[in-house]
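# Survey of secondary and tertiary structure
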Amino acid sequence: HFDAKLTPFLFAVAVTVWYAGTGPGVLAIVLSVLSLNYFFLQPFFSFNPISYADLVYLTFCAFCALAVGWVSAVRRRTEQELRWAHEKLEATVAERTASLQRSERYLAEAQRLSHCGVTAYKGSKVFYGSEEIYRIWGFDPAQGVPSRKAALQRIHPDDLDRLNAEVERALREKKRYSTAYRIVLPDGTVKHLESIREPVFSASGELVEIVGTQIDVTECKR
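My aim in this report is to walk through the structure given alongside it, one point at a time. (Residues numbered from 1 in each chain as written. Predicted model: local features only at pLDDT ≥ 70, side-chain atom pairs only at ≥ 80, totals over all residues. Heavy atoms only, no water.)

## Quick notes on the overall build of the chain
Within the chain, the regular secondary structure consists of seven helices and five strands. The N-to-C order of helical and strand elements in the chain reads α-α-α-β-β-α-α-α-β-β-β-α. What you see for the chain is a C-alpha radius of gyration of 39 Å, clearly larger than the 17 Å of a compact globule of 222 residues, by over 25%. When its C-alpha atoms are laid out on the principal axes, the chain stretches across 115 × 40 × 25 Å. By the burial criterion, 29% of the 222 residues in the chain qualify as buried. When contacts within the chain are restricted to residue pairs at least 6 apart in sequence, those whose partners lie at least 24 apart make up 44%. Roughly 14600 Å² of accessible area belongs to the chain as shown, and the carbon and sulfur atoms make up 62% of that amount. Across the chain, the 27 positively charged side chains and the 25 negatively charged ones have centroids separated by 1 Å. (Helix = DSSP H or I, 4+ residues; strand = E, 2+ residues; numbered from the N terminus. Rg over C-alpha atoms; globule rule 2.2 N^0.38 Å. Buried < 20%, exposed > 50% of the residue type's maximum accessible area, 1.4 Å probe, protein only. Contact = heavy atoms within 4.5 Å. Areas by Shrake-Rupley, 256 points an atom, 1.4 Å probe, with all protein chains shown as cover. Lys, Arg positive; Asp, Glu negative; His and termini not counted. Charge placed at Lys NZ, Arg CZ, Asp CG, Glu CD.)

## Concerning the nonpolar core
Among the nonpolar cores identified, the biggest contains 12 residues, and these are Ile133, Tyr134, Ile136, Trp137, Phe139, Ala151, Ile155, Leu163, Tyr181, Ile183, Leu185 and Leu193. Here the element with the most residues in this core is helix H4 (residues 131-137); it accounts for four residues. Sequence-distant contacts of Leu185, defined by excluding residues within four places in its chain, comprise Ile136, Trp137, Gly138 and Lys191. Core analysis: the next-biggest nonpolar cluster, separate from the first, contains seven residues, Val167, Tyr177, Leu207 and Ile210 among them. (Core = buried A, V, L, I, M, F, W, Y, C linked by side-chain atoms within 4.5 Å.)

## A short note on the layout of surface pockets
In this structure, the largest pocket occupies an estimated 180 Å³ of space. As for the largest pocket, its lining consists of Gln101, Glu104, Arg105, Leu107, Ala108, Gln111, Tyr128, Gly129, Ser130, Glu131 and Tyr134. Secondary structure elements with two or more residues in the lining of the largest pocket: helix H3 (52-114), strand E2 (125-129) and H4. If you tally residues by element for the lining of the largest pocket, the top one is H3, at six residues. A per-class count over the lining of the largest pocket returns four nonpolar, four polar and three charged. (1 Å grid on protein atoms, 1.4 Å probe; cavity = no way out; pocket = protein on both sides within 12 Å on 5 of 7 lines; lining within 4 Å. Points joined across faces, edges and corners; volume = space filled by probe spheres on them. Nonpolar A, V, L, I, M, F, W, Y, C, P; charged D, E, K, R; others polar.)

## Some remarks on the side chain of Gln214
On the secondary structure map, Gln214 appears in strand E5 (residues 207-216). One polar contact links Gln214 to Trp137, side chain to side chain, over a distance of 2.6 Å. Aside from chain neighbours lying at most four places away, what touches Gln214 is His115, Cys116, Gly117, Thr119, Ile133, Ile136, Trp137, Tyr181, Leu193, Glu194, Ser195 and Arg197. (Polar contact = N/O pair within 3.5 Å; in protein donor to acceptor, adjacent residues only side chain to side chain.)

## Quick notes on the pattern of salt bridges
Any two side chains of opposite charge can pair if their charged atoms end up close together. Applying the stated criterion to the full structure yields 10 salt bridges. Arg182 is the partner of Asp159 in a salt bridge, and the nearest nitrogen-oxygen pair spans 2.9 Å. Within this pair, whereas Asp159 is found in helix H6 (residues 157-173), its partner Arg182 is found in strand E3 (residues 177-184), the two being separated by 23 residues in sequence. The buried category is assigned to Asp159, whose relative accessible area is 7%. Within this structure, Asp159, Arg162, Glu166 and Arg182 form a network of salt bridges that share partners. (Salt bridge = Lys/Arg side-chain N within 4 Å of Asp/Glu carboxyl O.)

## So, the pairing of strand E4 (residues 190-201)
Alignment of E3 against E4, held across eight bridges, turns out to be antiparallel. Along E4, the bridge assignment pairs Tyr177 with Arg197. Between E3 and E4, which pair antiparallel in sequence order, lie five residues; one of them, Gly188, sits at a positive phi of approximately 95°. Inspection of the sheet shows E4 paired to E5 by nine bridges, in the antiparallel sense. Its bridge partner lying in E5, Glu198 is registered against Val211. (Pairing = 2+ DSSP bridges.)

## Concerning the packing of aromatic side chains
One pass over the full model with this rule turns up three aromatic pairs. Ring plane angle 80° and centroid distance 6.2 Å describe the contact between Tyr38 and Phe45, whose orientation is recorded as edge-to-face. For Phe45, a relative accessible area of 56% gives the class exposed. With centroids separated by 6.1 Å and ring planes inclined at 90°, the aromatic side chains of Phe39 and Phe45 adopt a geometry described as edge-to-face. Of the residues examined, Phe39 reaches a relative accessible area of 43% and is grouped as partly exposed. Above the plane of the ring of Phe139 lies Arg154, whose end atom (NZ or CZ) is 4.0 Å from the centre. Note that Lys174 overlies the ring of Phe201, its terminal NZ or CZ placed 5.1 Å from the centroid. (Phe/Tyr/Trp six-rings, centres within 6.5 Å; stacked < 30°, edge-to-face > 60°. Lys NZ or Arg CZ within 6 Å of the ring centre and 35° of its normal.)

Written as structure tokens, this is what we have:
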């Protein structure tokens, strides 16, 4: 009877240690031993000396409980370390995100004050245009990045062939180039731009993109 009655206590002790820790687990072991001795060992409802076989079994119960407690402690410590690492990572990400957003605001304000925008494109595809680029060229940011074709349509007809020739020569020579040209907005406004562009090539010599700055010098021209 003793072997059969001990099993529920063993599970109870294991569950206590797993969720509450070693301290409450030890208390559960003591209470289990007292309960077994008082209620389940003959004579019932009295405390009696425990036999050697019963002592071995109770020792095994305690060993199992302590083993579960050790595993539980390792689990909780690991969970705590993971939680700390996660919180630290979130704090670092939030800090760097805020720093990046602050840097982007400063950069956008500097471009607005200097009337200088940044663009990146390859062939007919425009990868990126800064806020100032949209203001200079008169495009609506809500409509997304304009195509290269839409941008070329706003270059002054008298400057288009020369600009294309300079781009082709820079690509052949794989070097940076600067140029000045005019653009015409849909309302007829003419703007004078000065641009510095640099082709970016891969290790195999393939064109990756062309990165450039464009400065609105209309007021200076006037």
